[in-house]
Structure formats: C-alpha cells, structure tokens
Amino acid sequence: MQYREKVEVNDVYQKITDRIISELEQGVQPWFKPWSGGNMAGKVVLPLRSTGEEYRGINIISLWMTAVSASYSCNYWFTFKQALALGGNVRKGEKGSLVVYANSITKTEQNKEGEDETKTIPFLKGYTVFNGDQCDGLPVRFYPKAEPLPVVTAQRIDSAEAFFDATGARVRYGGNRAYYAPSLDHIQLPPFESFRDAESYTATKAHEFIHWTGHKSRLDRDLSGSFGTMDYAKEELVAELGSAFLCADLKITPEIREDHAAYIATWLKVLKDDKRLIFRAAAQAQKAADLLHNYQPSAEATQDKTETLEVSYHPSRAAVSVPTLG
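Just so you know, these numbers come straight off a predicted model, no measurement behind them.

**Student:** Sorry, what's going on with the sheet that holds strand β9 (residues 186–189) here?
**Tutor:** Whether parallel or antiparallel, the strands of a sheet pair through hydrogen bonds between backbone atoms. Across the sheet, 3 strands lie side by side as β7-β9-β8; this open sheet has mixed pairing. The strands lining the two open edges of the sheet, one partner per strand, are β7 (171–173) and β8 (179–181). On average, each strand axis in the sheet is tilted by 30° relative to the strand beside it, whichever way the strands run. One ladder, built from 3 bridges, connects β7 with β9; its direction is parallel. Bridged to V171 within β9 is I187. Strand contacts of helix α6 (residues 198–212): β7, β8 and β9, with the helix running at about 155° to β9, the strand carrying the most contacts.

Here it is, written out as structure tokens:
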C-alpha cells in the first residue's frame, strides 16, 4: 500500500459539499467544468495518482474543480513525499488539495442485554496532494505533449457505439425525448439526426445508460421518483455524475444540457440538507459506470471495482432539439 500523508479534517463531507454548492450557486455544474474551462489542453481526462492509477468517486469532482480554478494543465497529483521520491519537489508556498479515502473503526460495546456487541463505524480520512504544475523537477513523463482531439463529424462514434452495444440494453429511436423507462426496461432516444453533433448524441445516450443501470435487476436504485420530486432530482444527480465520468473515459467532450439547469435549485436544496449526499451520489455513479464497463469484452477480471467511495469513468450531456431527459 502506498504511504499516505494524512491531514486533519474537521468535516470532509461538509468541506467538499460546500465547494460544490458554491459552484452550483454560480450556475456552474462542477462535474462538467473541466471541459468548458479548457484545461488539460482541451482533453477530457481523469485525475491520476503518481502511479498512473485513476482517482475515483468524489475525488474526481474535487480535483477537477481545483484543476479548473487554478488552470492546471497536468492531470497527475502527488503527495509531498511522492514528489521528492521522484526527484522533484513541491514549490514553496503552494497550497495542497484534499483527497479522501474510506476507512472504519471497530468498537465493542455492551447491548441492552449486557452482551458485547461489535460495531464497525465507517468514516473518511483525508490527505493532501499537489498537482504536477505545482512541482519542479518531476520526470518528463508526467507532462505528456498535448495531442489535438479528433474532429467529430456527423457520424456516430464507433468506439462509443460498440461500448453501449456490448451491454445488451434495448434502445429505441423516435420522438423528441430522451429517457429511460424502468417498467419496460428500455432506453428511448430521438433519431441521431435530431442532435447537433455526434458527441451530443453519445453523451445523451451515456446519461440514459446510467439510468438503465438502476433497474431492479441490476443495481436496484430507486427510480420511482416523478419529475419535480427530490427523489427524481437525486437520481438525476447520479446520472449527471456517472455520465460525466463516462464521458472522460470515452473521450467525449460534452456540453451542459440546458434542460438540466432547472435541476440546480433542487440540487442546492438537497445538498444543503444532506452534506453526505454528493458522496453517496458519486459512489452510486461510480458503480453505474463500473457496471457498464463490466459488460465489455475485456472486463471479466474487473467485477469487484464497485466497493470504494471513489470514482473513475464518465459521460453525460445532451443536445437534442428540445430534449427532456429522464
């Protein structure tokens, strides 16, 4: 296990939730800001540890927010000691960023019958990391030369289509709405020609596939909320995060869907009422993205990736002519 430099955290949940609330209050959905911000040389990328391992879950969102606000172009993050071990150093005066990992303590207490009872209490711990742009003397491999993104034409993106086809999900086309119907277990999408470009089409499809994972035969999330309810807004938040993760993995550059601006007020309310909600939503979004990857031909050996609090894959964003997403 890697050495982790721990930091004292008064309330990790509150600290990260407050940052996200601040972004939402400005009308910004922070899980998509990396692309509109133009950082990472315009590429859709996940934050990486010094080993090249992708961060997961809430850490993706948190590090994306930091990278965009500071205009970092490197997607690698290091502890102070990791930078030194690699022959580099963190520049004097640089402020680190908080990342978290799940841990637990075991306590033995007596129950009402006077018997010893063991309880496992989960909690979060945090440690500090620094972006490669805050360091000097690191090996050149941590600063890969930016490559231009491929030009997207009005044709479907074959790699993404193959990814979705591998799941075996039923997708129907027609109408002017994109949604997932739990009772019929199928995804409905407008015709491809209704979208302004291939990436908008693919991102919308990714969003609905995240909803598809919530069916009772798969991850069994509560999909019963009707439009306008808190339960509906919470599921939309899971789909937003999961689709953002998938977009990064599928190399899709999404745009903010206009229809989801209406959810911001509701998201602000639920996040203010429950400081742990964004962590649960990120964990569920990660499970959803992982499940979609587990359907892929090369995913047989990665069935148990869904237990951690962190995240790693991404998509989302629509752009149908007046699409109402579900």
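**Student:** What exactly am I supposed to notice about the pattern of salt bridges here?
**Tutor:** When the charged atoms of two side chains with opposite charge come close together, those side chains can pair. Summed over the entire model, instances satisfying the criterion amount to 12 salt bridges. With a closest N to O distance of 2.6 Å, D290 and R56 form a salt bridge. Of this pair, D290 sits in helix α9 (residues 277–294) while R56 sits in the loop between α2 (33–36) and α3 (58–70), and the two are 234 residues apart along the sequence. In this pair, the class of D290 matches that of R56, namely buried. Taken together, the salt bridges that share partners define one network made up of R91, E94 and D136.

**Student:** Got a minute to help me understand the packing of helix α5 (residues 158–165) against α6 in this structure?
**Tutor:** Angle between the axes and distance between the axes are the two parameters that describe a pair of packed helices. Between α5 and α6, the shortest axis-to-axis distance is 11 Å and the interhelical angle comes to 20°. Looking at the two axes, α5 sits roughly parallel to α6. Along this stretch, α5 crosses α6, giving a crossing that reads as left-handed. Residues A160, E161 and F164 of α5 pack against Y201, T202, K205, A206 and F209 of α6. By residue class, the composition of the contact of α5 with α6 is 5 nonpolar, 1 polar and 2 charged.

**Student:** How do you make sense of the pairing of strand β4 (residues 97–110) when you look at a structure like this?
**Tutor:** Looking along a regular strand, one sees side chains alternate from face to face of the sheet. Where β4 meets strand β5 (residues 116–131), 14 bridges bridge the pair, whose relative direction is antiparallel. Bridged to N103 within β5 is F123. Counted between consecutive antiparallel strands, the loop separating β4 from β5 contains 5 residues, among which G114 sits at a positive phi close to 80°.

Reading the values: rules and limits
Residues numbered from 1 in each chain as written. Predicted model: local features only at pLDDT ≥ 70, side-chain atom pairs only at ≥ 80, totals over all residues. Heavy atoms only, no water. Pairing = 2+ DSSP bridges. Helix = DSSP H or I, 4+ residues; strand = E, 2+ residues; numbered from the N terminus. Axes fitted to C-alpha atoms, helices over the stretch in contact; angles between N-to-C directions. Contact = heavy atoms within 4.5 Å. Salt bridge = Lys/Arg side-chain N within 4 Å of Asp/Glu carboxyl O. Buried < 20%, exposed > 50% of the residue type's maximum accessible area, 1.4 Å probe, protein only. Parallel < 35°, antiparallel > 145°, perpendicular 65-115°, else oblique. Left-handed = near helix turned anticlockwise from the far one by under 90°. Nonpolar A, V, L, I, M, F, W, Y, C, P; charged D, E, K, R; others polar.

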